[in-house]
Amino acid sequence: RDQVAIVTGASRGIGRELAFQLAAKEVKLSILGSSEDIHKTREDLKAYGYADVLSFTADVSNENDVDHVVRATRNAYGKIDILINNAGIGESKPVESVTVEEWKKTFDINVQGVFLASKSVLPFMREQKSGTILTVASDVSRYTIPENGSLYTATKYAVQGFMGSLAQEVRSDGIRAGTINPGKVDTYFANTKQGEPRKSDWLKVKDIAQAIIYMLEAPKHMVIDEMHLHSIHQDYPR
Ligand code: NJP
């Protein structure tokens, strides 16, 4: 009750569903995405009767954008209990056709974005002596995939290392940090559409949002470092 959460990448996919599930638990929300679609999520939440929602067009790889969202959240709600680093991009391409621009952009969003948002909320969480930072990484942050995923995999390995180290750094101030590592989820990821027939046996956004809520609702003295989950139908390379 009375919790305040920032969710990045809530225009669609996992982040949008998570926003609905958190709002249903009366969590006050700040949601952000790089496109105007983020405001549609807020309007839809309001249409469901969830009033405490701020929405921001903000790029997670831009320090000013991220700091603005964090400050505005703290000013509006007085505290920040939860940060969900969910925004992310990725495309499958053989290494020799990945451009340096694509490499940098993917790292900027998937890795620097997690760093910037975590850095920005930490002073407030340290002051409060509490908080939870969860990052949606990927099953590829522990395994590799046979699908031209070198760039995407590299970013998620980086995030896994960052979050593991962060968890150690902040726990003495009562702050928990962890990752959730899904297999294939039916979203709009990599320029696809939600609900495509080929994705019928993939995990659903509801599954991931529910798992994140489970991690958030764990007793405050308990840290779930990593949660790995995948569809029972997914081949699982190790
Ligand atoms: O993807 P999608 P997911 N700044 O494309 C936002 C991970 N994951 O829900 O910017 C701020 O439906 C974008 O909004 P907008 C994955 O790596 C997925 O599947 O307004 N926001 C949208 O809301 C990622 O970390 C699978 O267009 C930015 C959201 O991000 C997380 O799950 C498997 C942004 C993406 O929604 C959520 O992805 C896995 C920016 N610069 C891990 N750029 C999977 N789907 O199979 C994008 O292992 N966004």
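Residues numbered from 1 in each chain as written. Predicted model: local features only at pLDDT ≥ 70, side-chain atom pairs only at ≥ 80, totals over all residues.

Chemist: Tell me about the overall build of the protein, and name the residues and values.
Modeler: Helices and strands together make up the secondary structure of the protein, namely 6 helices and 7 strands. Its helices and strands taken in sequence order, the protein reads β-α-β-α-β-α-β-α-β-α-β-α-β from the N to the C terminus. Relative to the compact-globule value of 18 Å for 238 residues, the protein shows a C-alpha radius of gyration of 17 Å, a close match. C-alpha extents for the protein along the principal axes are approximately 45 × 40 × 35 Å. Counting across all 238 residues of the protein, residues that qualify as buried make up 42%. Residue pairs in contact within the protein that sit at least 24 positions apart in sequence constitute 68% of those at least 6 positions apart. (Helix = DSSP H or I, 4+ residues; strand = E, 2+ residues; numbered from the N terminus. Rg over C-alpha atoms; globule rule 2.2 N^0.38 Å. Buried ≥ 20, exposed ≤ 12 C-beta atoms within 10 Å, placed from the backbone. Contact = placed C-beta atoms within 7 Å.)

Chemist: Lay out the pairing of strand E6 (residues 175-182) in plain terms, naming residues and giving numbers.
Modeler: Among the 8 residues of E6, 8 are classified as buried, and the element is accordingly described as predominantly covered. Pairing between strand E5 (residues 131-136) and E6: 6 bridges, direction parallel. Looking across to E6, one finds that Thr135 is bridged to Thr179. Regarding the hand of the β-α-β motif, the stretch spanning E5, helix H5 (residues 150-170) and E6 is right-handed. Where E6 meets strand E7 (residues 226-229), 4 bridges bridge the pair, whose relative direction is parallel. Bridging across to E7, Ile180 finds its partner in Met227. Crossover handedness for the path E6 to helix H6 (residues 205-217) to E7: left-handed. (Pairing = 2+ DSSP bridges. Right-handed = clockwise from strand over helix to strand, strands pointing away.)

Chemist: Give a description of the packing of helix H1 (residues 13-24) against H6 that names residues and reports values.
Modeler: At a minimum axis distance of 8 Å, the contact between H1 and H6 shows a crossing angle of 55°. Considering the angle they form, H1 stands oblique to H6. Considering how the two elements wind past one another, H1 and H6 form a crossing that is right-handed. For the pair formed by H1 and H6, the contact residues are Gly13, Ile14, Glu17, Leu18 and Gln21 on the first element and Val205, Lys206, Ile208, Ala209, Gln210, Ile212 and Ile213 on the second. When its residues are assigned to classes, the contact of H1 with H6 shows 7 nonpolar, 3 polar and 2 charged. (Axes fitted to C-alpha atoms, helices over the stretch in contact; angles between N-to-C directions. Parallel < 35°, antiparallel > 145°, perpendicular 65-115°, else oblique. Left-handed = near helix turned anticlockwise from the far one by under 90°. Nonpolar A, V, L, I, M, F, W, Y, C, P; charged D, E, K, R; others polar.)

Chemist: Any details on unusual backbone geometry? Residues and values, ideally.
Modeler: Positive phi values are uncommon outside glycine, yet Lys129 reaches one of about 60°. Structurally, Lys129 can be placed in the loop between helix H4 (100-128) and E5. Exposure remark for Lys129: the 10 C-beta atoms within 10 Å place this residue in the exposed category. Of note in the backbone geometry, Ala190 takes a positive phi value of approximately 55° without being a glycine. Checked against the element boundaries, Ala190 lands in the loop between E6 and H6.

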